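Results of the structural survey
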Amino acid sequence: MSVIVIIGGSPFTGWTKVSANLDFGKAANEATVTMTAKPADPFPVALNDVAVVLFDGVPVVTGYVDDINANHSFGQHEINITVRDKTQDLIDSTIGPKQEYNPPKSLKEIADGTLKQMGLSDIKVIDNVSPDPFRPTEKVGGAIDTYGHDFLKNWANKRQVVLNTDGKGNLVIDRNTKKRGPGMLYKSFEDSPRNNVLSATYQNSSKDRANKHSAAGQKSQSDPYWETQAKGVAKGQSGPMSKNIGEAYDNAMRPTRKLHYRGRQAIEGETPGKAAAWKSNQARANGVKYEATVQGYSMVPGVLWWPGFIIPVFDAHFLLATDMFIKSVTLEKTWGGGETAKISCTVKDAYTEDASEQPKSGERGAKQGIGHSKPGRYSLGPGGGADS
């Protein structure tokens, strides 16, 4: 069977619809399952039941039943449940006391320590990036009422990485490493035999975007954080503090649009320059979206549609002929009906340290501020084996 739902350790056969959402920027995947009552068991599921959802044999959500909504009439009995990855407990719980780490420490060490302190040691941390360790001037800590994911995400931002998951309930430290996927999205005119896109939407927004992003090193010379540092720490001196400003540009925006960041906001990136580039990159990634619905779950046999790949996109109706980054995927199966995947793409350098992708004049996609590059080789990821 192409979709398997396991609840309480046993396959559940009473479902009528399954939909799973996988997002590169989220630490927990989520699935919704519509089910009916079993013979002699009118309510076959309970909150907190252990649950796994698989598409084509690949786990996409591994966690617990997080929400139940049911209705009943004499003619219909439908139960809708939400299954979330076990990383949900990191998202929904606070870190508690004694969450302090003296550098040098890697982000993985901090994540492992935080999970252990929160009693979540069954969640493993996979580091796909190995970002630079935190330096002596970056003592890591948080208030007891800070939510676990918020705490780790704050420090992940400082190294330009995201926290997501792999469908098996692990926490993954990740970044767009420009892996190529074996699939493509193609929508020409109605009679083209190459079309694989059933329907599509396109968005390009200037919301939260600016031509120039400026990040200051510190908010003032009297910042308590820097007052605790030794006098020899160069970045704590008055000159560097007042002049240490990083800038990044998104050339798709008008020069009159500018954003400035101060103090701890600005130290999301090891240096103010990297902080500005990361903020510009994230805003652009959220502003551009091409979303296509295709038949089936796989790019090619054995490889699920999965976030984190770069694929070629061609759409004659939106004047697109470019490479794009898969940001999220929604897989859906209806019992006795269709199998579809909805693939949401953004600019190809999303979730990298690049502030702005430069479109090439005269190439398809330049009108939308999206550059063009020729298709290259692909790599397999969580949806289909080891990277190549």
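Residues numbered from 1 in each chain as written. Predicted model: local features only at pLDDT ≥ 70, side-chain atom pairs only at ≥ 80, totals over all residues. Heavy atoms only, no water.

**A look at the overall build of the protein**
So the rule is basically this: Here a strand is any run of E in DSSP of at least two residues, a helix any run of H or I of at least four, and the numbering for each starts at the N terminus. Burial status follows relative accessibility: with a 1.4 Å probe on protein chains alone, a residue under 20% of its type maximum counts as buried, one over 50% as exposed, and anything between as partly exposed. We call two residues in contact when some of their heavy atoms are within 4.5 Å. Each accessible area is a Shrake-Rupley estimate made with a 1.4 Å probe; only the visible protein chains count as cover when residues are assessed.
The secondary structure content of the protein amounts to seven helices and 24 strands. Per-residue burial over the protein gives 50% buried out of 388 residues. Contacts in the protein between residues at least 24 apart in sequence constitute 69% of all its contacts with a sequence separation of at least 6. In the structure as shown, the protein presents an accessible area of about 18,100 Å², 51% of it carried by carbon and sulfur atoms.

**Topic: the layout of surface pockets**
Convention followed: We place a 1 Å grid over just the protein atoms. Points where a 1.4 Å probe fits but has no way out form a cavity, open points with protein on both sides within 12 Å along at least 5 of 7 lines form a pocket, and any residue with an atom within 4 Å of a point lines it. Grid points are joined across faces, edges and corners, and a volume is the space filled by probe spheres set on the points. In this classification, the charged set is Asp, Glu, Lys and Arg, the nonpolar set is Ala, Val, Leu, Ile, Met, Phe, Trp, Tyr, Cys and Pro, and all remaining amino acids, among them Gly, are polar.
Each pocket or cavity is described by its volume, and for the second largest pocket that value is around 330 Å³. Around the second largest pocket sit 17 residues that line it, and K153, N157, V162, Q282 and Y351 are the ones nearest its centre. Counted by class, the lining of the second largest pocket contains six nonpolar, five polar and six charged residues.

**Notes on the packing of aromatic side chains**
Here a ring pair, both rings aromatic, is described through the centre-centre distance and the interplanar angle of the planes. Threshold: Pairing of aromatic rings covers Phe, Tyr and the six-membered ring of Trp, with a centre-to-centre limit of 6.5 Å; geometry is then stacked below 30 degrees between planes, edge-to-face above 60, and tilted otherwise. Lysine NZ or arginine CZ positioned within 6 Å of the ring centre and within 35 degrees of the ring normal marks a charge as sitting over the ring.
On inspection of all chains with the given rule, the structure shows nine aromatic pairs. Judged by centre distance (5.1 Å) and plane angle (90°), the rings of F24 and F325 are edge-to-face. Here the residue F24 occupies a position in the loop between β3 (15-23) and β4 (30-36), and F325 occupies one in strand β23 (residues 320-334), the gap between them amounting to 301 residues. Note on accessibility: F24 and F325 belong to one class, buried. Ring plane angle 55° and centroid distance 5.1 Å describe the contact between F24 and Y351, whose orientation is recorded as tilted. Of the two residues, F24 sits in the loop between β3 and β4 while Y351 sits in the segment after β24 (339-347), which places them 327 residues apart along the sequence. An identical accessibility class is assigned to F24 and Y351; each is buried. The positively charged end of K158 is found above the aromatic ring belonging to W155, 4.9 Å away from the centroid.

**Details of the sheet that holds strand β12 (residues 171-174)**
The strands that make up a sheet are held in pairs by hydrogen bonds between backbone atoms, and each pair lies either parallel or antiparallel. Formally: At least two DSSP bridges between two strands are needed for those strands to be called paired. Angles shown run from 0 to 180 degrees and are taken between the N-to-C directions of axes, each axis being a line fitted to C-alpha atoms and, for helices, limited to the stretch in contact.
Reading across from one edge, β9-β12-β11 is the order of the three strands in this open sheet, with mixed pairing throughout. Sheet topology places β9 (125-127) and β11 (162-165) at the edges, where each strand pairs with a single neighbour. Taking each pair of neighbouring strands and ignoring which way they run, the sheet shows an average axis angle of 30°. Across four bridges, β11 lies against β12 in antiparallel orientation. Bridge pairing in β12 places N164 opposite V172.

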